[in-house]
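What the coordinates show
Chain by chain, the residues:
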Amino acid sequence: MADKKGTKQVTANKKAWHDYFVEQKYEAGIELAGTEVKSIRQGQVNLKDSYCTFKDGELFVRGMHISPYEKGNIFNKDPLRARRLLMHKREIAALFGKTKQDGYALIPLAVYFKNARVKLEIGLCKGKKLHDKRDSIAARDAKREIDRAMKERHR
């Protein structure tokens, strides 16, 4: 297959933006099997309840569901297995230090292809309280009303 340039987003974790304040974003590669890549190309990946953990100085994503490839037979892997993320050692050490602070978590935000390689965008996030979620919803609704009014005015 020819090496394609550019990026193509496969899926995004909209629930993460609702439940967390995203402080910083990072890009990481993922260690995958061939049938998992084919399944991701078909868009059969779900990030809804996924999160990142540290083990022995390595970073893993857990809860990311990649549906089994229908033509994969014996080569299919467990859809919910932990997958190792590929980042530089100093980046992992910095993220480990930041997540040990109060309230910070590493949450997958998006899966995309970058130059024919699967990448995962992870965010250093701080949890939202219920009143923060209500404020976000109110601000989004207000912006939507303003946009509607401006659109009507320009007709």
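Shown above is the structure to which this text applies.
First, a word on scope: everything that follows refers to the structure included in this document. All values reported here derive from a predicted model rather than from experimental measurement. (Residues numbered from 1 in each chain as written. Predicted model: local features only at pLDDT ≥ 70, side-chain atom pairs only at ≥ 80, totals over all residues. Heavy atoms only, no water.)

Details of empty space enclosed by the protein
Inclusion rule: Both site types are read off a 1 Å grid over the protein atoms alone. A 1.4 Å probe that fits but cannot get out defines a cavity, while an open set with protein on both sides within 12 Å along at least five of seven lines defines a pocket; lining residues have an atom within 4 Å of a point. Grid points are joined across faces, edges and corners, and a volume is the space filled by probe spheres set on the points. Asp, Glu, Lys and Arg are counted as charged, while Ala, Val, Leu, Ile, Met, Phe, Trp, Tyr, Cys and Pro are counted as nonpolar; the rest, among them Gly, fall into the polar class.
Enumeration according to the criterion identifies 1 cavity of 30 Å³ or more in this entry. Within this model, the largest cavity holds a volume of roughly 50 Å³. Thr35, Glu36, Ile66, Ser67, Pro68, Tyr69, Asn76, Lys77, Asp78, Pro79 and Arg83 are the residues that line the largest cavity. Classifying every residue of the lining of the largest cavity gives 4 nonpolar, 3 polar and 4 charged.

Points about the pattern of salt bridges
The criterion, for reference: By definition here, a salt bridge exists when the distance from a side-chain nitrogen of Lys or Arg to a carboxyl oxygen of Asp or Glu is within 4 Å. Helix and strand assignments come from DSSP, with helices taken as H or I runs of at least 4 residues and strands as E runs of at least 2, each series counted from the N terminus. Partly exposed describes any residue whose relative accessible area lies between the buried limit of under 20% and the exposed limit of over 50%, with all areas from a 1.4 Å probe on protein chains only and scaled to the type maximum.
Applying the stated criterion across every chain yields a total of 9 salt bridges. A salt bridge links glutamate 36 to arginine 83; the nearest nitrogen and oxygen atoms lie 3.0 Å apart. Of the two residues, glutamate 36 sits in helix H2 (residues 34-41) while arginine 83 sits in strand S7 (residues 83-86), which places them 47 residues apart along the sequence. Residue arginine 83 is classed as buried on the basis of its relative accessible area, which comes to 0%. Because the salt bridges share partners, they merge into one network encompassing Glu31, Glu58 and Arg84.

Geometry only, nothing functional implied.
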